[in-house]
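# Secondary and tertiary structure notes
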Amino acid sequence: RLARMLLAASHHRCIAEMLTIAAFLAAQDPRERPAEAQAQADQKHAAFADPRSDFIGVLNLWKAFAEQSAALSGSQLRKWCRENFLSFIRMREWQELQRQLADIAAELQLKPNQVPAEYNDLHQAILTGFLGNIGALDERREYEGARGSRFVIAPGTPLAAKPPKWVVAASLTETTRLYARMVAAVEPLWIEAAAEHLIKRSYCEPHWVEERGFVAAFE
């Protein structure tokens, strides 16, 4: 899945961002939420959140840590991580994995973009890895997903309060309900483009279009 997303990122000019996201998804989440301080942790993590996409939130966290790494000493950086409920060790592991992926991408001649990627380009590339985790919001405020599944967005993300019409999720986890985690708003046309090889088409009601001089049908 992650490799497919990286290859798609080359086409959509978002290799730089996707290297960071792929490394994050392959590693353990560095964000900590201790039982005795869940509210405080949520408040600190909310500073990195994005209202449309948890993937953008990951990029915001990466950028903030890089800025602090450049400005602070080692002990000060560890303190900053503690204050923001982040595991310093896991942040370093994330950085190291991103570096390794960047080296592999360079060997494959996948060149990182120099201009920040647009939202639609990044999320079209993400869609290629998670086609089975797409959902459409229905009248019951639940998402209708693939293979007859029904899910809701897990708490702890801005998207849970105001769910978009269409979403893609990095994972679906079943506890008391089926919850989508690491989610983002997407457009249905992006899904059609990413899933072209899975689409089945049917045609009905052939009819003569007099003003254009040919037979048409509904698809």
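As a reminder, the structure under discussion sits directly above these lines.
Everything numeric here is computed off the predicted structure, so don't read it as measured data.

Conventions and cut-offs
- Residues numbered from 1 in each chain as written.
- Predicted model: local features only at pLDDT ≥ 70, side-chain atom pairs only at ≥ 80, totals over all residues.
- Heavy atoms only, no water.
- Helix = DSSP H or I, 4+ residues; strand = E, 2+ residues; numbered from the N terminus.
- Buried < 20%, exposed > 50% of the residue type's maximum accessible area, 1.4 Å probe, protein only.
- Contact = heavy atoms within 4.5 Å.
- Areas by Shrake-Rupley, 256 points an atom, 1.4 Å probe, with all protein chains shown as cover.
- Lys, Arg positive; Asp, Glu negative; His and termini not counted.
- Charge placed at Lys NZ, Arg CZ, Asp CG, Glu CD.
- 1 Å grid on protein atoms, 1.4 Å probe; cavity = no way out; pocket = protein on both sides within 12 Å on 5 of 7 lines; lining within 4 Å.
- Points joined across faces, edges and corners; volume = space filled by probe spheres on them.
- Nonpolar A, V, L, I, M, F, W, Y, C, P; charged D, E, K, R; others polar.
- Core = buried A, V, L, I, M, F, W, Y, C linked by side-chain atoms within 4.5 Å.
- Patch = residues over 30% accessible without salt bridge, like charges linked within 9 Å, V, L, I, M, F, W, Y side chains within 5 Å.
- Salt bridge = Lys/Arg side-chain N within 4 Å of Asp/Glu carboxyl O.
- Pairing = 2+ DSSP bridges.

## Observations concerning the overall build of the chain
Of regular secondary structure, the chain possesses nine helices and seven strands. Projected onto its principal axes, the C-alpha coordinates of the chain cover approximately 75 × 45 × 25 Å. Going through the 219 residues of the chain one by one, you find that 42% of them count as buried. A separation of at least 24 residues holds for 60% of the contacts in the chain among residues at least 6 apart in sequence. For the chain, the accessible area works out to roughly 13100 Å², and carbon and sulfur atoms hold 52% of it. Seen as two clouds, the 26 positive and the 27 negative side-chain charges of the chain have centres 5 Å apart.

## Details of the layout of surface pockets
In this model, the largest pocket occupies a volume close to 800 Å³. Lining the largest pocket are 27 residues; nearest its centre among them are Asp29, Arg31, Pro155, Gly156 and Met182. Looking at the lining of the largest pocket, the elements that each hand over two or more residues are helix H2 (15–26), helix H3 (38–46), helix H4 (54–71) and strand E5 (178–185). In terms of residues, the lining of the largest pocket owes the most to one element, H4, which gives four residues. Classifying every residue of the lining of the largest pocket by side-chain character gives 13 nonpolar, six polar and eight charged.

## Comments concerning the nonpolar core
Core analysis: the biggest nonpolar cluster contains 47 residues, and Met18, Trp80, Trp94, Leu122, Ile126, Leu127 and Val168 have the highest contact counts within it. In terms of residue count, the dominant contributor to this core is H4 (eight residues). Setting aside residues no more than four positions away along its own chain, leucine 127 makes contact with Ile134, Val168, Val186, Trp190, Ile191 and Ala194. Listed in part, the ten residues of the second largest apolar core include Phe151, Ile153, Val167 and Ala169.

## A closer look at a positive patch on the surface
Taken together, the side chains of Arg78, Lys79, Arg82 and Arg92 define a basic patch exposed on the protein surface. For the positive patch, the element with the most residues is helix H5 (residues 74–83), which contributes three residues. Within the secondary structure layout, lysine 79 lies in helix H5.

## Notes on the pairing of strand E1 (residues 134–137)
With burial as the criterion, each face of E1 is covered, one bearing Ile134 and Ala136 and the other bearing Gly135 and Leu137. Here E1 runs beside strand E4 (residues 166–174); their pairing, made up of three bridges, is antiparallel. Pairing of isoleucine 134 across the sheet is with valine 168, part of E4. The pairing of E1 with strand E2 (residues 143–145) spans three bridges and is classified as antiparallel. If you follow glycine 135 over to E2, its bridge partner there is glycine 145.

## Let's talk about the pattern of salt bridges
Applying the stated criterion to the full structure yields eleven salt bridges. Taking the shortest distance from any N to any O, the salt bridge between arginine 150 and aspartate 138 comes out at 1.9 Å. With arginine 150 in strand E3 (residues 150–153) and aspartate 138 in the loop between E1 and E2, the pair connects residues that are twelve residues apart, well separated along the chain. A relative accessible area of 30% places arginine 150 in the partly exposed class. Between arginine 201 and glutamate 192 there is a salt bridge, with the nearest N and O atoms lying 3.7 Å from each other. A residue is classified by how much of its surface remains accessible, and glutamate 192, at 33% relative accessible area, is partly exposed. Bridged by salt links that share partners, the residues Asp138, Glu142, Arg150 and Arg177 form one connected network.

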